Amino acid sequence: MNRSINCIMLIDDNSNDNFIHDRVIKKNGFANIVVALTSAIDALNYLKQQKEKDLVHPDLIFLDINMPGMNGWEFLTEYDKLDTDLQGKIVIIMLTTSDNPDDLEKARNLKALSDFKTKPLTKDMLSEITVKYFPF
């Protein structure tokens, strides 16, 4: 049986990827709530407004790199500027199609980023993440 995470946020400009990843998460019972956003700017606004609008605080964020307006790296820079109470203890995982070694190296050097995974999100990947970052 999988341990259910309360809230997972998906940040990816590709709504098809969000749909598929949402489906994998829900079908396999990995989260009670999935918040799927197609913009890193919208995700930052969500985090900034979560208390005043009574929005659910994400426990886990899957973040794409290449997005218009604000990419994943820029999101992480802005995320680091948020008050620590808004950040909470969110696990952020870069979920991307990029297999560029420079991206992987850059990811390793960011304190806010917990991990770097290649799309698509799978049941096995979610199981590994749950065991590693959300132990019983």
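Note that the structure is a prediction, hence the values are computed from the model and not measured. Within every chain, residues take consecutive numbers counted from 1 along the sequence as written. With pLDDT at 70 or above as the cut-off, local features in this predicted model cover only qualifying residues; side-chain atom pairs require 80 or more to be listed or tallied, and sums for whole chains, interfaces and linings still use all residues. Only heavy atoms go into the side-chain values, all of them from the structure, while hydrogens and water stay out.

1. Overview of the sheet that holds strand β3 (residues 60–63)
Okay, so step 1: The 5 strands lie next to each other as β2-β1-β3-β4-β5, forming an open sheet whose pairing is parallel. Sheet topology places β2 (31–37) and β5 (113–118) at the edges, where each strand pairs with a single neighbour. Strand-to-strand twist in this sheet, taken as the mean axis angle between neighbours without regard to direction, amounts to 20°.
Okay, so step 2: Of the strand pairs in this sheet, β3 and strand β4 (residues 91–96) are connected by 4 bridges, and their pairing is parallel. Of the residues in β4, the one forming a bridge with Leu60 is Val91.
Okay, so step 3: Its contacts with the sheet put helix α6 (residues 123–133) on β1 (5–11), β3, β4 and β5, and the angle it makes with β5 is roughly 165°. Strands pair, by our definition, only if DSSP identifies at least two bridges between them. In DSSP terms, a helix is any run of H or I states spanning at least four residues, a strand is any run of E spanning at least two, and both are numbered starting from the N terminus. Here, axes are lines fitted to C-alpha atoms. For helices the fit covers the stretch in contact, and angles between N-to-C directions go from 0 to 180 degrees. Here, two residues are considered to be in contact whenever any of their heavy atoms come within 4.5 Å of each other.

2. Concerning the pattern of salt bridges
Okay, so step 1: The rule for a salt bridge is simple: a side-chain nitrogen of Lys or Arg has to be within 4 Å of a carboxyl oxygen of Asp or Glu. Under the counting rule described, the total for this entry stands at 8 salt bridges.
Okay, so step 2: A salt bridge links Lys132 to Asp115; the nearest nitrogen and oxygen atoms lie 3.7 Å apart. Pair noted here: Lys132 is in helix α6 and Asp115 is in strand β5, with a separation of 17 residues, a long-range link.
Okay, so step 3: Per-residue accessibility, obtained with a 1.4 Å probe over protein chains only, is compared with the maximum for each type, and a residue is labelled buried under 20%, exposed over 50%, and partly exposed between these values. Exposure remark for Asp115: the relative accessible area of 17% places this residue in the buried category.
Okay, so step 4: The partner of Glu128 in a salt bridge is Lys117, with the nearest N and O atoms 3.9 Å apart. Here Glu128 is found in helix α6, whereas its partner Lys117 is found in strand β5, with 11 residues between them in sequence.
Okay, so step 5: Salt bridges sharing partners connect three or more residues here, namely Asp12, Asp17, Asp64 and Lys119.

3. Thoughts on the pairing of β4
Okay, so step 1: Among the 6 residues in β4, 6 count as buried, and that is most of the element.
Okay, so step 2: Here β4 shows a buried face lined by Val91, Ile93 and Leu95 and a second buried face lined by Ile92, Met94 and Thr96.
Okay, so step 3: Read as a crossover between parallel neighbours, the route from β4 over helix α5 (residues 101–108) to β5 is right-handed. When the strands point away from the viewer and the connection leading from the first strand across the helix to the second strand turns clockwise, the crossover is called right-handed.

4. A word on the packing of aromatic side chains
Okay, so step 1: Each Phe, Tyr or Trp ring, with Trp reduced to its six-membered ring, pairs with another whose centre is within 6.5 Å; inter-plane angles below 30 degrees give stacked pairs, above 60 give edge-to-face pairs, and intermediate values give tilted ones. The tally for this structure, following the rule as stated, stands at 1 aromatic pair.
Okay, so step 2: Geometrically, the ring pair formed by Phe75 and Tyr79 is stacked, given 6.0 Å between the ring centres and 25° between the ring planes. One end of the pair, Phe75, and the other, Tyr79, are both in helix α3 (residues 72–81), 4 residues apart, so they sit about a helical turn from each other. Tyr79 matches Phe75 in its accessibility class, with the two residues each being buried.

5. Quick notes on the nonpolar core
Okay, so step 1: The set of buried Ala, Val, Leu, Ile, Met, Phe, Trp, Tyr and Cys residues whose side-chain atoms join them within 4.5 Å is what this entry labels a nonpolar core. Within the largest apolar cluster, 28 residues are counted, with the highest numbers of intra-cluster contacts made by Ile11, Ile61, Leu63, Phe75 and Leu76.
Okay, so step 2: Elements that contribute at least two residues to this core include exactly β1, β2, α2 (40–49), β3, α3, β4 and β5.
Okay, so step 3: At 5 residues, the largest contribution of residues to this core is made by α2.
Okay, so step 4: Non-local contacts of Leu63, meaning those with residues more than four positions away in its chain, are made with Ile11, Gly72, Phe75, Leu76, Ile92, Ile93, Met94 and Leu95.
Okay, so step 5: Listed in part, the 19 residues of the second largest apolar core include Leu10, Val24, Phe30 and Leu95.

6. Here's the deal with the UniProt feature "modified residue: 4-aspartylphosphate" (unreviewed entry) in the protein
Okay, so step 1: With numbering aligned to this structure, UniProt lists the feature "modified residue: 4-aspartylphosphate" (unreviewed entry) at Asp64.
Okay, so step 2: With respect to the helices, strands and loops of the structure, Asp64 is situated in the loop between β3 and α3.
Okay, so step 3: The class of Asp64 is buried, set by a relative accessible area of 5%.
Okay, so step 4: Once residues within four sequence positions are removed from consideration, Asp64 is found in contact with Ile11, Asp12, Asp13, Gly72, Met94, Leu95, Thr96 and Lys119. UniProt positions are given in the numbering used here, feature names are shortened, and annotations may be inferred rather than shown by experiment.

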